[in-house]
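What follows is each chain in one-letter form.
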Amino acid sequence: MAQVFDRSSNALARASLVLAGLIVIALGVTLNSLQRSPWVTRQGQRPDQPVPFSHKHHVEGLGLQCQYCHTSVEKSSYAGIPPTKTCMNCHSQIWTNAQLLEPVRQSWITGASIQWIKVHDLPDYVYFNHEIHVNKGIGCASCHGRVDEMPLMYEQNSLQMEWCLNCHRNPAVNLRPTSEIYNMAWAAPSSVKPVWCATNGTAGPTAQQVGCVTRDPAASNPQVAQLSSPTGLGNAAGLDKTQAEPGLPAGAMPVNYVKFTSQIELGHYLMKQYHIRTANELSSCEVCHR
Amino acid sequence: MNETLKATGLPMYKQEADSSATLRKDNQKDGVAQVVNTIAPAKMTLAEVRAKLDGKSGKRYWKSLDELADTPAFQELMQEEFPRQASAGEWVDAVSRRGFLKVMGASFALAGLAGCTKQPDEPIFPYVKQPEDLVLGKPMYFATAHPFPTGAIPVLVKSDAFRPIKLEGNPEHPIAKGKSDAFTQASLLDLYDPDRSQFPRFRGEQADFDKFQEGFAKAVAATKTGEGVVFLSETITSPTLAGQWKQVQAKYPQAKLVQYEPVNNDAGRAASKAAFGDYYDTQYKLEDADVILALDADFLGGIGFPGFLPMSAAWAARHRFDKDKPMNRLYAVETMPTVTGFKAEHRLALKPSEIDAFASALAGGSATLANPEAQKFLTAVLADIKKSGGRFAVVVGPGSSLAAQSAALTVNAAQGAVGKTVFYTETVAPLPSEHAADIKALVAEMNAGKVQWLVMLGVNPLYNAPADLNFEDAFNKVPNTVHLGSHVDETGFYSTWHINKAHYLESWTDARVYDGTISIVQPMIEPLYAGKSAHDVFQTLLDPSVSAYSVVLAHAKTYMTGGAAASGGAKAAGTDAAASAVAAGSSFEQAWRKALHDGWVANTAFAPKTLGAPKSAPVAAAAVSGIEISFKPDSSLYDGRYGNNGWLQELPKQVTSMSWDNAALMNMDLMGKLGIEENEAIELTLNGRKIITPVLMSPGHPNDAVTVHLGQGRRAEAGRVGAGVGFNAYALRTADQPLSAGGLTVARGHGLYDLCVTKVHNIEHRGAYAQRDLEHPESDKDGTYSMAGHEAMERSIIRYATYAEAMKNPDFAHTGTKDSNGTLVNKVGYNPQGEEVPHEDSFFPDNWRYDHVAVVGAGTEVLQNKWGMSIDLNSCVGCNACVVSCYAENNIAVVGREQTKIGRIMQWMRIDTYFEGDLHAPVAHFQPMLCQHCESAGCEQVCPVGATVHTPEGINTMVYNRCVGTRYCSNNCPYKVRRFNFLLYSDYDTESLKFMRNPDVTVRSRGVMEKCSYCIQRIEAVKIEADKNNRAIEDGEILTACQQACPTDAIVFGNMNDPKSRVMQRKAEERDYQVLADLNYRPRTTYTAGVINPNAELA
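Calculation rules
- Residues numbered from 1 in each chain as written.
- Chains lettered and ligands numbered in written order.
- Predicted model: local features only at pLDDT ≥ 70, side-chain atom pairs only at ≥ 80, totals over all residues.
- Heavy atoms only, no water.
- Contact = heavy atoms within 4.5 Å.
- Salt bridge = Lys/Arg side-chain N within 4 Å of Asp/Glu carboxyl O.
- Polar contact = N/O pair within 3.5 Å; in protein donor to acceptor, adjacent residues only side chain to side chain.
- Helix = DSSP H or I, 4+ residues; strand = E, 2+ residues; numbered from the N terminus.
- Expected span 1.5 Å × (residues − 1).
- Phe/Tyr/Trp six-rings, centres within 6.5 Å; stacked < 30°, edge-to-face > 60°.
- Buried < 20%, exposed > 50% of the residue type's maximum accessible area, 1.4 Å probe, protein only.

A. View of the interface of chain A and chain B. On the side of chain B, 50 residues touch chain A, which itself brings 56 residues to the contact. Across the chain A-chain B interface, the total number found is 7 salt bridges. Between Arg-277 of chain A and Glu-953 of chain B there is a salt bridge, and its shortest N-O distance comes to 3.4 Å. On the surface where chain A and chain B come into contact, there are 18 residue pairs in polar contact (both at pLDDT 80 or more). If you list the elements that add at least two residues to the side of chain A that touches chain B, you get α2 (38-41), α5 (84-91), α6 (102-110), β1 (116-117), α7 (130-135) and α13 (279-282) of chain A.

Here you go:
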């Protein structure tokens, strides 16, 4: 009986086996990278908004503070999208005829909302909370990127669960003094640009417990150093308490300033001072899902 | 077939008597699902039950008759992990599984991909001008009140972006103290009911309210005196509305107002009038009562009883076991077994006529009762009352007969309770009347053609008027009928005008609570459908341009003193107070704002009146022959007003655990006499009127009596939920005998009706372990074996003792004494098998360490959270408030009757009722059962995808987005508290329901397991607030939804690491025990064993 298959078909069979395996692997890799791709996560995409609002112009150019518009970021889970009224505070006076602002004026006249498209859109089963992050030393830029350099808003990070967990498992890499939350240009401390921090020994909200400065308090005039050390979140009470601390000679340097030259050192210091929960607690499911 | 039957409003019957077993087999054979209402429970016959019970005595627990009978068929059913859930198959409609798979094949392929696709664009709609005090994402709280005929319930409304999403009792109100009840909780769903009437109608066509006002005002003005104009209103609860009526009456002296509620307090009114010459309300201060006798008064059942909140709280406070304080003692005499009866130390089941006789004997003090059991009871009660020295109360309520009412007046006065525990005040309803007599007179007038305009304010007489009045005929003789109602209901449909009524959360009004304190009812939301209130209707005849707000504000000046604070003391409402308020507008403004903020107007409570001895002679009991019927409001639906409320329809009724149904309740003897089996449909005939109803055997029901519940059997107009559910008991009820009647006849031969009773859902086979128990019983040796009952006994699910036993051995829940045969003899339900396994012996370590202490700031320590719950079985009255509160808080879906029947009810907590002992006079124990948050939880160990995990704070948490629906966790849960979304139960489409949802809780989709989360969203919210301020969470700062609602403070939640927390104080008590402790799951929810205080003479 003649051979049905030629000898060469052995090679073909082997090759197709290998190929099938490769296809399966390739499919997996493709799906995996698809799932992580900007097409799914929308990282870096700029949706068409009714008004091409430029954060760069308003923040970097005009110096508006984040909370002027995002008013509830410190006190609610939701940072807040400004009402039309906020736009009209200025734009009833300037650029009153600009074509670009027509939707804003229409909204103001008709009472209908300006319909923005959500750029940072988490799945509905994720319960993200702004207030705790802002109050515990996560700056706006840590998640949202350099918004002050974005002419059109886009998502800097993927906002995928692995990205969240990167920080929740090791918050030290992103913690910064609460005084620097809204500082878009904050850079992690380095040996070139160290940070000095001191506790004032009080209980109470996180923001009032630690003061940090970026200039050497020992080298410069202590007054200057202290003036340049806002205690964060718009609350100067903590600093006053530092100065009023008994045992400190008037005008003398606070003795407990610690110098940090790396983010990890600073992060661990702040974790302790801010009473950041443990990685176990922070990465527990119910923190974000319920 | 289902649909057709439903549409015609007829009850559904199962045609073949004995096909259940066959059908089940069919299912298994070819996999074709059947319509589920043909799956009957394993049948027991009375003979079987009798045979089982014959010669048995002692302490037995059981949940349903089926298990008590313990037939082979029942055993077979119990082989399933989830009785019926499995046998029903997934599909309850007639779509075959194979057909479904075919159709779904393509969709599955797409679904796989859909999981990887990105979310659609989500728009943001910011405000144009944001309200000043609104912080989006943070709820706001406003005080208002839930008006109810028996007195308003002060509530605090949780509002998310100005949408009411949860109601709680007002925590600062002296009456509510933060507690609430099932009806108040569920009234939230009424607001968002998609079936609400959305516009006014004239002859069924959409019309304008203005047009009505114009036409009505003109027509009434034409009569000059208002002759022929009659307002038929529900109980007027608003002082302002009463004031408006007086104005209308002044303008049109011939106009009439008739108040009618099908469930009313006519007997109480009549008794009060006979005794004191006027209508008075009775207030009870049970905190000072050592002995309480409830005469057909279900004061622990819900707000259908006036003063439910303060009375149940006071009863529970005095019923806690404390070695230093004597416990109170509750006696109950009643027909239908109620929660009050089963919480009573001694319950006497009597027919309605026998209750009258009992009451007369009680009032007369003479002892001549035919029934020796009743005689013994009466003697003991009288002796106890005399001994108490005035520290007692005979409690009567809306369900009590005239004889009981006047007996209570007599005894309370004669034995000195008045002024100590019983107080008479003016009535909470501003215009008290006797409803049945009034509507009878009204119907006569209507029949005589004297009524030109019948304006019905919030009533539904075509559904619930007394049957003998033939209200429909009279109604047809009235040329102009106007109906103000929330739904186009039975009456609204046939009325000339229908006006859509605003919900109380949408409108301005005022109301008095139990003690007379006035609450301002303020709107929480712009009326969803521009609804109107009774204020607007009255104002049509006065000045249509004045809004309800202005009317309430103006009338508030009569009872709110503007200068009260300045003058150092509040004046009572009166004319000079009104004058001063007008003079000092600004201080009135302050008082008004304070009243709105606080939720009540200070110093408006009634002062007790001194009325002297009642003048009336005790009412002699009339002789009644034959079988008696007793009419009771439904424990879930009241008089039917909540018929279209899915939460309440699905809520298993108190004691009977019946859901989506009502039934004729009777005891086993009567069933035997009439030859009726449970679940049989029978015909009840009373005075020639007939209804067909299913039968439910009710342990503890008196013989020769039948109880039916009002409020079901609504017609198609009721709405998509309530239409065609159950039978309409109003069809038998007459104006003269609204509470009970004799001469009932019962006829068989109407097929079967498979009742929807949830209590059999959770008696599940617990495998070989339970089997071994049955074969080698340790203490329950001669038992009437029933699986759950046996387990309750053998494994000590229910533990309790008498006061004397507890005093002797406070550790009774954990120790037992054996007699010479080695049998445990004390009545405490203790068994070594029910004991906890010492932690050191366990192979399973704790999931986490819970002992972390953070030092925040100088000397401030924050203990790690380790959550736990404790439930006091002494205080739990089984009123269901917690269950409905849980529905609202956790976005729990309503599944409908068919799904409920096969055990797929979604509620996260249930109230288990364990009956004990004699079938004729059982004792019942209520046990709230919810996720126990076990430390070594079985569910966690079997989940293949880690969708249920242990948090570092000890909570067993459910991660919905991970769940793939294997249901292993539910199989492995011994408490059977996990709920699976077999189908897409959550309503994602109805717009109005979206407003209602708690935004902090995921709305679960199909294929996802869910369960009690200890209200994790509340915990997280408080945790974030505390973490922001670097402080510990204070005890009591987190209230779970069930705990917050509980009127008797039975549920306590808190941090188990804090020895000072209330939950740890409860857990530290000797009576604290775990349910099924021997499994070593180490539940965090524990129970406090009950202590009762029986009278030795009746024991």
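B. How the structure looks around the side chain of His-701 of chain B. Residues and elements named next belong to chain B. Within the fold, His-701 resides in the loop between β24 (689-697) and β25 (705-710). Of the polar contacts made by the side chain of His-701, one reaches the backbone oxygen of Ala-705; its length is 3.5 Å. At a separation of 2.6 Å, a polar atom in the side chain of His-701 contacts the side chain of Thr-707. Other than its neighbours up to four places away in sequence, His-701 contacts Thr-335, Met-336, Pro-337, Ala-349, Leu-665, Met-666, Asn-667, Val-706 and Thr-707.

C. Looking closely at helix α9 (residues 239-251) of chain B. Residue and element names in this part refer to chain B. Between the first and last C-alpha of α9 there are 19 Å, a value that for 13 residues agrees with the 18 Å anticipated at 1.5 Å per step. In this structure, the buried side of α9 is in contact with β8 (229-233), β9 (256-259), β19 (509-512), β20 (518-521), α20 (534-542) and α21 (548-559). For α9, the side-chain oxygen to backbone nitrogen distance between the N-cap and Thr-240 is 3.2 Å, and the N-cap itself is Ser-238.

D. Geometry of the packing of aromatic side chains. Residues and elements named next belong to chain B. As enumerated under the stated definition, the model contains 33 aromatic pairs over all chains in all. Taken together, a centroid distance of 5.0 Å and an interplanar angle of 55° make the contact between Phe-216 and Trp-453 tilted. Residue Phe-216 is found in helix α8 (residues 209-223), and its partner Trp-453 is found in strand β16 (residues 453-457); the two are separated by 237 residues along the sequence. By the burial criterion, Phe-216 is buried, and Trp-453 matches it.

E. Geometry of unusual backbone geometry. Positive phi, close to 65°, is recorded for Arg-42 of chain A, a residue that is not glycine. Positive phi is not limited to glycine here, since Lys-177 of chain B has a value of about 50°. Mapped onto the secondary structure, Lys-177 of chain B falls in the loop between β5 (163-169) and α7 (182-191). Overall, Lys-177 of chain B belongs to the exposed group, its relative accessible area being 58%.

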